[in-house]
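Working through the structure, step by step
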Amino acid sequence: MSTKESNAIGVLVMSYGTPESLEGVEAYYTHIRRGNPPSAEQLADLTARYRAIVGGVFPLRENTDRQVSALQRTLDELAGEGAFVCYQGLKHASPFIEDGVAAMAANGIKKAVAIVLTPQYSVMSVGGYMKRAEEEAAKHGIKMQTVREYHLHPQLIDELSSRVQEGLDRFGGSREDTMVLFSAHSLPARIVEMKDPYPEQLLETSRAVAEEAGVRKWEFTWQSAGQTGQPWLGPDILETLDRLNGEGVKSVLVAPVGFVSDHLEVLYDLDIEARKFAEERGMRLERIRMLNDDAQYMTALAESVLAALKESE
Ligand SMILES: CC1=C(CCC(=O)O)c2cc3nc(cc4[nH]c(cc5[nH]c(cc1n2)c(C)c5CCC(=O)O)c(CCC(=O)O)c4C)C(CCC(=O)O)=C3C
Ligand SMILES: [Fe+2]
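About the criteria used
Residues numbered from 1 in each chain as written. Chains lettered and ligands numbered in written order. Predicted model: local features only at pLDDT ≥ 70, side-chain atom pairs only at ≥ 80, totals over all residues. Heavy atoms only, no water. UniProt positions renumbered as here; feature names shortened; annotations may be inferred. 1 Å grid on protein atoms, 1.4 Å probe; cavity = no way out; pocket = protein on both sides within 12 Å on 5 of 7 lines; lining within 4 Å. Points joined across faces, edges and corners; volume = space filled by probe spheres on them. Nonpolar A, V, L, I, M, F, W, Y, C, P; charged D, E, K, R; others polar. Near = heavy atom within 4 Å. Polar contact = N/O pair within 3.5 Å; in protein donor to acceptor, adjacent residues only side chain to side chain. Areas by Shrake-Rupley, 256 points an atom, 1.4 Å probe, with all protein chains shown as cover. Helix = DSSP H or I, 4+ residues; strand = E, 2+ residues; numbered from the N terminus. Domains from an automatic or database assignment. Salt bridge = Lys/Arg side-chain N within 4 Å of Asp/Glu carboxyl O. Buried < 20%, exposed > 50% of the residue type's maximum accessible area, 1.4 Å probe, protein only. Pairing = 2+ DSSP bridges. Axes fitted to C-alpha atoms, helices over the stretch in contact; angles between N-to-C directions. Contact = heavy atoms within 4.5 Å. Parallel < 35°, antiparallel > 145°, perpendicular 65-115°, else oblique. Left-handed = near helix turned anticlockwise from the far one by under 90°.

Labelled according to an unreviewed UniProt entry, the protein chain appears under the name Coproporphyrin III ferrochelatase, originating from Cohnella kolymensis. UniProt's Function (unreviewed entry) comment on the protein chain is quoted here verbatim: "Involved in coproporphyrin-dependent heme b biosynthesis. Catalyzes the insertion of ferrous iron into coproporphyrin III to form Fe-coproporphyrin III."

**A few points about the layout of surface pockets**
Space left empty within the atom packing is revealed by a probe, the size of a water molecule, rolled over the atoms. Here the second largest pocket is characterised by a volume of approximately 160 Å³. Along its surface, the second largest pocket is lined by Leu168, Arg175, Glu176, Thr178, Ala213, Gly214, Val215, Arg216 and Lys217. Class assignment of the residues belonging to the lining of the second largest pocket gives a composition of three nonpolar, two polar and four charged.

**Here we look at the site of ligand 1**
Around ligand 1, the structure places 22 residues, and the nearest of them are Thr18, Tyr50, Tyr129, Leu264 and Glu265. Here an oxygen atom of ligand 1 sits 2.6 Å away from a polar atom, N or O, in the side chain of tyrosine 50. A distance of 2.5 Å separates an oxygen atom of ligand 1 from a polar side-chain atom of tyrosine 129. Summarising the interface, the protein chains cover 88% of the accessible area of ligand 1, which totals 870 Å² for the free molecule. Sorting the residues of the shell around ligand 1 by element identifies α1 (25-32), α2 (40-53) and α9 (264-267) as the ones contributing at least two each. The class makeup of the residues in the shell around ligand 1 is 13 nonpolar, six polar and three charged. Two domains share the shell around ligand 1, each providing at least three of its residues, namely domain 1 (6-150 + 294-312) and domain 2 (154-287).

**Section: the pattern of salt bridges**
Considering all chains together, one arrives at 20 salt bridges under this definition. In this structure, aspartate 262 engages arginine 287 in a salt bridge whose closest nitrogen and oxygen atoms are separated by 3.6 Å. A residue pair is termed long-range when its members are at least 10 positions apart, and aspartate 262 in the loop between β7 (251-255) and α9 and arginine 287 in strand β8 (residues 284-287) qualify at 25 residues. You'll find aspartate 262 and arginine 287 in the same group, each marked buried.

**Describing the sheet that holds strand β3 (residues 109-116)**
One open sheet holds the four strands; their spatial order is β2-β1-β3-β4, and the pairing between them is parallel. For this open sheet the edge positions go to β2 (84-90) and β4 (143-146), each flanked by a neighbour on one side alone. With strand direction ignored, the average angle separating the axes of adjacent strands in the sheet is 25 degrees. Note that strand β1 (residues 6-15) and β3 share seven bridges and pair parallel. Within β3, the position partnered with methionine 14 by the bridge is valine 116. The sheet contacts of helix α3 (residues 59-79) involve β1 and β2, and relative to β2 the element is tilted by about 160 degrees.

**With respect to the packing of helix α6 (residues 154-169) against helix α11 (residues 295-312)**
Their axes nearest at 8 Å, the elements α6 and α11 cross at an angle of 165 degrees. Regarding the angle of α6 to α11, the classification is roughly antiparallel. Along this stretch, α6 crosses α11, giving a crossing that reads as left-handed. Across the interface between the two elements, Gln155, Leu156, Asp158 and Glu159 of α6 pack against Gln296, Tyr297, Thr299, Ala300 and Glu303 of α11. Across the contact of α6 with α11, the residue classes break down as three nonpolar, three polar and three charged.

**Some points on the UniProt feature "binding site: Fe(2+)" (unreviewed entry) in the protein chain**
Under the feature "binding site: Fe(2+)" (unreviewed entry), the UniProt entry names His185 and Glu265. Over a stretch of 81 residues, the named residues converge on one spot in the fold, their C-alpha atoms separated by at most 8.0 Å. Relative to the elements of secondary structure, histidine 185 occurs in strand β5 (residues 179-185). On the basis of relative accessible area, histidine 185 is assigned to the partly exposed category, the value being 22%. With sequence-adjacent residues up to four places away left out, histidine 185 is seen in contact with Tyr198, Trp222, Gln223, Ser224, Trp232, Phe259 and Glu265. Turning to its location among the elements, glutamate 265 is positioned in helix α9. When its relative accessible area of 18% is taken as the criterion, glutamate 265 is described as buried. Ignoring anything within four residues of it in the chain, the contact list for glutamate 265 reads His185, Gln223, Ser224, Phe259 and Leu270.

Here it is as structure tokens:
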């Protein structure tokens, strides 16, 4: 290959990926299931959930594009135009993680930083993204640094706590009685024996946000567990809501701090499923606005990229 060398530093911005159309749900689901096609029933169920949240474009598709452009602009401002070039790499959809790294290589990039659009580290989630990125980088002779986590970055905590306060304001007179439920995607329970930092990091984010927002009434709960026959981390948000209802809690603000974007787990699992469950019990459920391409979130990402580079010097 006669690649031109580039002095720019590549930034591999990784996200989960989403289908491009309802027809694309099957291929996407098959990829998540490591090549095993879903049953007709599983496919119909997932397609119905997407249909409920999709108005034309799949929201995560647009959100990821916007996040990558916004991070590019933020890095341009912080480090000067041309210093960094952002590439997108998705776990389960095109452009895949490997495509992003190959695109860097084609542009002559020799040095890169990889970051995932989720703040907390888990071997099963972020670890999987990083393994694929690093293996592909090695193939192309790209030296790659990784941002493992940024779950306590001050700008992240600050923005999340503003959003918690804004969410609480919606409750007016019942603000003080509102329970803040921090949540994240559940994982198979065996990660606990693996000493995975994921549960602890999620608690650290939650505690820091609660402290900055001055929230005393809060809990952490899991959501969106899979059905694999094996145990997943609990309690699930629906169990938590049921218990809180029994304790007389009438208003709940969900803060899904393990996610950053409007997507299925937020727009369906929380806004449709959990809200309905709460309303059936006479409870009011609201959710904080997601970060998406928020400026403070972008600064947290950009500073984490710069810090990873500095550490490697
Ligand atoms: C930790 C974690 C995050 C957060 C960190 C990160 O962002 O990476 C996350 C995010 C997301 N998960 C997403 C979608 C799905 N995840 C599934 C299944 C699974 N997720 C898992 C874990 C996680 N998932 C796991 C262990 C499985 C079981 C199969 C496996 O072992 O891999 C399934 C299959 C069907 C179902 O179970 O519902 C779907 C459709 C979308 C896109 C939504 C959209 O398109 O709008 C997003 C952002
Ligand atoms: Fe998932």
